[in-house]
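In case you want the letters, here they are:
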Amino acid sequence: MATPQQQIQQLREPAITPGEGDAQRVQHDAKLSARDLNFFYGTFQALHDISIDIATHKITAFIGPSGCGKSTFLRTMNRMNEALRNTRVEGNLVLDGENLFSMDVTDVRRRVGMVFQKSNPFPKTIFDNVAYGLRVNGIHRRSHLEEAVQKSLQHAALWTEVKDKLNKPAAALSGGQQQRLCIARALAVEPEVLLLDEPCSALDPIATLKIEELLFEIKNITTLVIVTHNMQQAARVADFTGFFLLGKLIEFNDTKTIFQNPSKKETEDYVTGRFG
């Protein structure tokens, strides 16, 4: 059995792109790396031998039909699945060379933030929503909070819309504004990675466009991983795309290749609309 040091070294070796053998290797500047990752809900295996590198300051998208494992994998990357009973994970997952499963879970979720499919602002003011994570992490000085809240709302392209309403309830915002507020709340603690699970599925086209424009802006300050059923969205925003099917990562490559010249028939069938 490999020692922990040997396992870390293996994770520093780039993963071979599924379906392409030795011909293509993904980015060396990986922020997150998985090797032979398996995940189980009781006796049901939801993920099978996932190996992938998530490149730093890029947008990585996961596509695939419902129930294919893409959201399960996303939640594994900040250990959100541990909140569910009778689950287990096998394999390796590292963040900047550190074993994610050996880290304090609070630290993991500070460094790897998450935005969910349905916007979930807290029943608090706009200001208190964004400041929530900072206060949890022990930051209470008003001047520091005000600066961080403004900065986070600016990153989320929401500041000009709410700067005069910071003491208003977050629930008064529109759906698209609430989702950007949730992104601002996640950005406030300066995560190294931000996971987004179908962040635009409940939004209209105009709000979706604003979120997509926002992703381009914030990838300069964090690494982004997005799950989407909208293949056009993945094609528009992602630098890299992975196609999941039946709990397996069928193919992973730069987005242009996935959509224009996939190496696997299953990928081609999905992106051309033959199934899914």
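In this convention, every chain numbers its residues from 1, walking through the sequence in written order. Two thresholds apply to this predicted model, a pLDDT of at least 70 for residue-level local features and 80 or more for giving and counting side-chain atom pairs, whereas whole-chain, interface and lining totals are computed over all residues. For side-chain calculations, the full set of non-hydrogen atoms in the structure is used, while hydrogens and water are omitted.

On to the overall build of the protein, then. In terms of regular secondary structure, the protein is built from 11 helices and 10 strands. On the protein, roughly 13300 Å² of surface is accessible, and the fraction owed to carbon and sulfur atoms is 49%. Working definition: helices are DSSP H or I runs of at least four residues, strands are E runs of at least two. Numbering for both runs from the N terminus. With residues, only the protein chains shown are counted as cover, and all accessible areas are computed by Shrake-Rupley using a 1.4 Å probe.

The subject of this paragraph is the pairing of strand 10 (residues 248-254). The two faces of the sheet receive side chains in turn, since in a regular strand these alternate between them. Of all 7 residues in strand 10, 5 are buried, a share of seventy percent or more. Turn length for the strand 9 (residues 240-245)-strand 10 hairpin, with the two strands adjacent in sequence and antiparallel, is 2 residues, and the turn residue Leu246 shows positive phi of about 55°. Buried means the residue's accessible area, taken with a 1.4 Å probe over protein chains only, is under 20% of the maximum for its type, while exposed means over 50%, and partly exposed covers the values in between. A pair of strands is labelled paired if DSSP reports no fewer than 2 bridges between them.

Before going further, it helps to spend a moment on the layout of surface pockets. Volume-wise, the largest pocket comes out at about 530 Å³. In terms of lining residues, the largest pocket is bounded by 21 residues, among which Arg109, Tyr132, Gly133, Arg185 and Val189 are the most central. Of all the secondary structure elements, the ones that give two or more residues to the lining of the largest pocket are helix 3 (105-111), strand 6 (112-115), helix 4 (126-136) and helix 7 (175-187). Looking at which element gives the most residues to the lining of the largest pocket, the answer is strand 6, with 4 residues. Under the scheme applied, nonpolar residues are Ala, Val, Leu, Ile, Met, Phe, Trp, Tyr, Cys and Pro; charged residues are Asp, Glu, Lys and Arg; polar residues are all the others, including Gly. Taken together, the residues of the lining of the largest pocket break down into 12 nonpolar, 6 polar and 3 charged. Any residue with an atom within 4 Å of a point lines the site, the site being either a cavity, points on a 1 Å grid over the protein atoms alone where a 1.4 Å probe fits but cannot get out, or a pocket, an open set with protein on both sides within 12 Å along at least 5 of 7 lines. Grid points are joined across faces, edges and corners, and a volume is the space filled by probe spheres set on the points. Its volume calculated, the second largest pocket comes out at about 290 Å³. The wall of the second largest pocket is formed by 17 residues, among which Lys151, Leu187, Ala188, Val189 and Glu190 lie closest to the centre. At the level of elements, helix 4 and helix 5 (142-155) are the ones that each hand at least two residues to the lining of the second largest pocket. A per-element tally of the lining of the second largest pocket places helix 5 first, with 5 residues. Along the lines of polarity and charge, the residues of the lining of the second largest pocket split into 8 nonpolar, 6 polar and 3 charged.

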